[in-house]
Amino acid sequence: MDIATIIGAILAICALGMGIGSNLKSMLHLQSLAIVMVGTLGALFVSFPLPELIKAPFGIGLRYAFFTPKAVLRRISESLGSGEKEQISRGDLQKLKKELELGILIYSRMKTYAQATGWIGVLIGLVIMLRNMDDPAAIGPGMAIALLTALYGTIIAYLICLPIQTKLERHLSLLLQES
């Protein structure tokens, strides 16, 4: 298990928690979250075949963020073998290389889509605000959408997708150096 991933995730959550403080309730906005999450997923579904999407972000990305790829391969080969540690084959390494490349590509796109949908949410919120300039009480919901979609898009892009993408790139780089 890669302890750095766990420490990094805890530090990021703590940093957000310290910044938000007792204002957690005001930071949760279902419409804004839906714009970013559903928009990002929609863009991913348009971009990639379903089998790749099912396998990559959650399987490849999260698995290799917490475990080195070779440790995963060793564990698989041990469970399939006769209890002895088997050598990792060239075919396994090629498969691993392709998985890492796919994971990198998907997380890179997911980062871009989260940012884009965050900015789309900003525009939606601004339109809502401008349409309700005559009613000051109606400006707040538009402002919430505008700001929180940008926040959610940025958090997803830079505190989730980019670190996982970077970890996968690092694993791929080390794998290529060893082969």
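Predicted model, so just to flag it, every value in this text is computed and none were measured.

## Quick word on the overall build of the protein chain
The number of helices and strands found in the protein chain is seven helices and zero strands. Mapped from its N terminus to its C terminus, the protein chain presents α and β elements in the order α-α-α-α-α-α-α. Considering the protein chain as a whole, with its 179 residues, one finds that 32% of them fall into the buried category. Within the protein chain, contacts between residues at least 6 apart in sequence are counted, and of these 83% link residues at least 24 apart. Of the roughly 10,900 Å² of accessible surface on the protein chain, a fraction of 68% belongs to carbon and sulfur atoms.

## Some details on the nonpolar core
One finds Leu44, Leu100, Ile106 and Leu168 to be the most contacted residues of the largest nonpolar core, which totals 27 residues. For this core, the secondary-structure elements that each account for two or more residues are α3 (30–47), α4 (50–66), α6 (90–131) and α7 (136–178). The biggest single contributor to this core is α6, with 10 residues. When near neighbours in sequence (up to four residues on either side) are disregarded, leucine 100 contacts Tyr64, Pro69, Leu168, His171, Leu172 and Leu175.

## Here we look at the pattern of salt bridges
For the coordinates displayed, the defined rule picks out two salt bridges. Measuring nitrogen to oxygen at the nearest pair gives 3.9 Å for the salt bridge that ties glutamate 99 to arginine 63. Of this pair, glutamate 99 sits in helix α6 while arginine 63 sits in helix α4; the two residues are 36 residues apart in sequence, bridging distant segments of the chain. The exposure class assigned to glutamate 99 is buried, which follows from its relative accessible area of 10%. Where glutamate 101 meets lysine 97, a salt bridge forms, and the shortest distance between an N and an O atom there is 3.1 Å. Residue glutamate 101 and its partner lysine 97 are both found in helix α6; the two are separated by four residues, about one turn of the helix.

## Looking at the side chain of threonine 149
On the secondary structure map, threonine 149 appears in helix α7. Engagement of the side chain of threonine 149 in a polar contact is seen with the backbone nitrogen of valine 122, the distance being 3.2 Å. Apart from the residues within four sequence positions on either side, threonine 149 is in contact with Ser32, Ile35, Val36, Gly118, Gly121, Val122 and Ala144.

## Concerning the packing of α3 against α7
The N-to-C vectors of α3 and α7 enclose an angle of 45 degrees; their axes lie 8 Å apart at closest approach. In terms of orientation, α3 lies oblique with respect to α7. Where α3 crosses over α7, the two elements pack in a sense that is right-handed. Here Gln31, Ser32, Leu33, Ile35, Val36 and Met37 of α3 come into contact with α7, specifically with Ala144, Ile145, Leu148, Thr149, Tyr152, Gly153 and Ile156. Considered class by class, the residues forming the contact of α3 with α7 number nine nonpolar, four polar and no charged.

Criteria and cut-off values
Residues numbered from 1 in each chain as written. Predicted model: local features only at pLDDT ≥ 70, side-chain atom pairs only at ≥ 80, totals over all residues. Heavy atoms only, no water. Helix = DSSP H or I, 4+ residues; strand = E, 2+ residues; numbered from the N terminus. Buried < 20%, exposed > 50% of the residue type's maximum accessible area, 1.4 Å probe, protein only. Contact = heavy atoms within 4.5 Å. Areas by Shrake-Rupley, 256 points an atom, 1.4 Å probe, with all protein chains shown as cover. Core = buried A, V, L, I, M, F, W, Y, C linked by side-chain atoms within 4.5 Å. Salt bridge = Lys/Arg side-chain N within 4 Å of Asp/Glu carboxyl O. Polar contact = N/O pair within 3.5 Å; in protein donor to acceptor, adjacent residues only side chain to side chain. Axes fitted to C-alpha atoms, helices over the stretch in contact; angles between N-to-C directions. Parallel < 35°, antiparallel > 145°, perpendicular 65-115°, else oblique. Left-handed = near helix turned anticlockwise from the far one by under 90°. Nonpolar A, V, L, I, M, F, W, Y, C, P; charged D, E, K, R; others polar.

Just geometry here; none of it tells us what the structure is for.
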